[in-house]
Amino acid sequence: MKLRTLRRHLRDAFRSFLRNGWMSFASVATVAITLFLVGVFILAALNIDHLARQTESQVEISIYLKMDTSQDEIRKIEADLNNLPHVHSVRFVPREEGLAWLKETYADEADLFVGLDEDNPLPDAFFIKTDEPARTAELAQTIQSWPQVETVRYAQEEVAKLLEITTVIRQIMLVVVIGLALTATFLISNTIKLTIVSRREEVEVMRLVGASKWYIRMPYFIEGALIGLLGAGIPLLLLVYLYQQYVENTEILSMSVLSMQSVTVPLIVALFGIGLLIGIWGSLSSIRKFLRT
C-alpha cells in the first residue's frame, strides 16, 4: 500500500470517527466499560492464582528417620531426596536441633524436657517441599518405602482439599474472563455495525465509482482499531491507578498481592489485544455484509 493511500485512509478514519461523535463515543464507552470489567477479573485471576501458588508452596512432607540411622545413611538419604523429581527443597533437622526448637517453643513447660538432653527421644528428620503439590502423595509413598525411614507425614486431606479449591477457582476465573471477552465482542461488533449502517450511502458511492473492496474496508478497519485501542486505553489507565492504590494499602496491612510491575504487562497485552481484535473484527464482520449486497 502506498504511503499516500495509507495517509488518506488514516485521515478518513479519524474524520469519520469525529464526524460520528455520539456514535463513536458510545462505541468507545462500550469497549471501555466491558474491558474494565475484563481487566478487573484479570487482576483478580492473577492474584488468586498467585495466592494459590503461595499456599501450595507451603505444603511440606515430614520424613522421620529410624533412631539407628547412621551419618553416612543420612547423607545418602539427603542425596536421594535431592535427586527425586519434583523436589523443590530439602531441609535436614538433626534430633538435637529438633529438641532445642521444642524447648524454645514451649519455654513455659520447661519441666517436660528435664533429662531429655541425655536421652533425646526425637529422631533426625528431613522436611521437603515439592514444585508440584499434586505430586505430594506420590512422593510420600515413594519415600515411605525406604529402609531407614520410620514415618512420612503430610497433611493429606488438607493437600487434596487445597488442590481441589485452587483448581476450581482457576477454572471459574478463566470461564468468567472468557465470558466477558465474548460479551465484549458481541456488544462492540453490534455497536460498530450501527456506525457503518449510518454510512451505508458512502459505501455505495465508493462501490459505484469502482473502489476495491480493500480500499473501502481499510478506513473502517482503522476506525475499528481506533475505537478498540481508545476503549482499552481508558480502563487500562484507571485500572493501573486503582491497583496501585490497592497495592499500597495491602502493603500497610502486610497482605501478599502481586506487585504493580507483575501485572502491568499482562494487563496491557490483554486489554489492548482484546480491544484491537474486537474493533477490527467488528468492522470486518459489519462491512462484509454490505459489500455482498
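Residues numbered from 1 in each chain as written. Predicted model: local features only at pLDDT ≥ 70, side-chain atom pairs only at ≥ 80, totals over all residues. Heavy atoms only, no water.

- Going by an unreviewed UniProt entry, the protein chain carries the name Cell division protein FtsX and comes from Candidatus Carbonibacillus altaicus.
- Quoted verbatim from the Function (unreviewed entry) field of the UniProt record, the comment on the protein chain reads "Part of the ABC transporter FtsEX involved in asymmetric cellular division facilitating the initiation of sporulation."
- Recorded under Sequence similarities (unreviewed entry), the UniProt text for the protein chain is reproduced unchanged: "Belongs to the ABC-4 integral membrane protein family. FtsX subfamily." (UniProt positions renumbered as here; feature names shortened; annotations may be inferred.)

**Focus on the overall build of the protein chain**
Step number 1: Across its full length, the protein chain carries 9 helices and 4 strands.
Step number 2: In sequence order, the protein chain lays out its α and β elements as α-α-β-α-β-α-β-α-β-α-α-α-α.
Step number 3: Split into buried and exposed, the 293 residues of the protein chain put 37% on the buried side.
Step number 4: Sequence separation of at least 24 residues holds for 84% of the intrachain contacts in the protein chain that already meet a minimum separation of 6.
Step number 5: Here the protein chain displays about 17500 Å² of accessible surface, and carbon together with sulfur accounts for 62% of that area. (Helix = DSSP H or I, 4+ residues; strand = E, 2+ residues; numbered from the N terminus. Buried < 20%, exposed > 50% of the residue type's maximum accessible area, 1.4 Å probe, protein only. Contact = heavy atoms within 4.5 Å. Areas by Shrake-Rupley, 256 points an atom, 1.4 Å probe, with all protein chains shown as cover.)

**What to know about the side chain of Thr 69**
Step number 1: Turning to its location among the elements, Thr 69 is positioned in the loop between strand S1 (60–65) and helix H3 (71–83).
Step number 2: Overall, the relative accessible area of 9% leaves Thr 69 in the buried class.
Step number 3: At a separation of 2.7 Å, a polar atom in the side chain of Thr 69 contacts the main-chain carbonyl oxygen of Lys 66.
Step number 4: A polar contact of 3.1 Å, which involves the side chain of Thr 69, links it to the side chain of Gln 148. (Polar contact = N/O pair within 3.5 Å; in protein donor to acceptor, adjacent residues only side chain to side chain.)

**Some remarks on helix H5 (residues 136–144)**
Step number 1: When we look at burial in H5, the residues that qualify are Thr 136, Leu 139, Ala 140 and Ile 143. Looking straight down H5, one finds that the buried residues subtend no more than 100 degrees of arc, so they occupy a single side. (Arc of directions from axis to C-beta.)

**Examining the nonpolar core**
Step number 1: Counting 20 residues, the largest nonpolar core has Leu 35, Leu 43, Tyr 243, Val 263, Leu 267 and Leu 271 as its most contacted members.
Step number 2: Elements that contribute at least two residues to this core include exactly helix H2 (21–57), helix H8 (213–252) and helix H9 (260–292).
Step number 3: With 17 residues, the next largest nonpolar core counts Leu 65, Ile 77, Leu 81 and Phe 126 among its residues. (Core = buried A, V, L, I, M, F, W, Y, C linked by side-chain atoms within 4.5 Å.)

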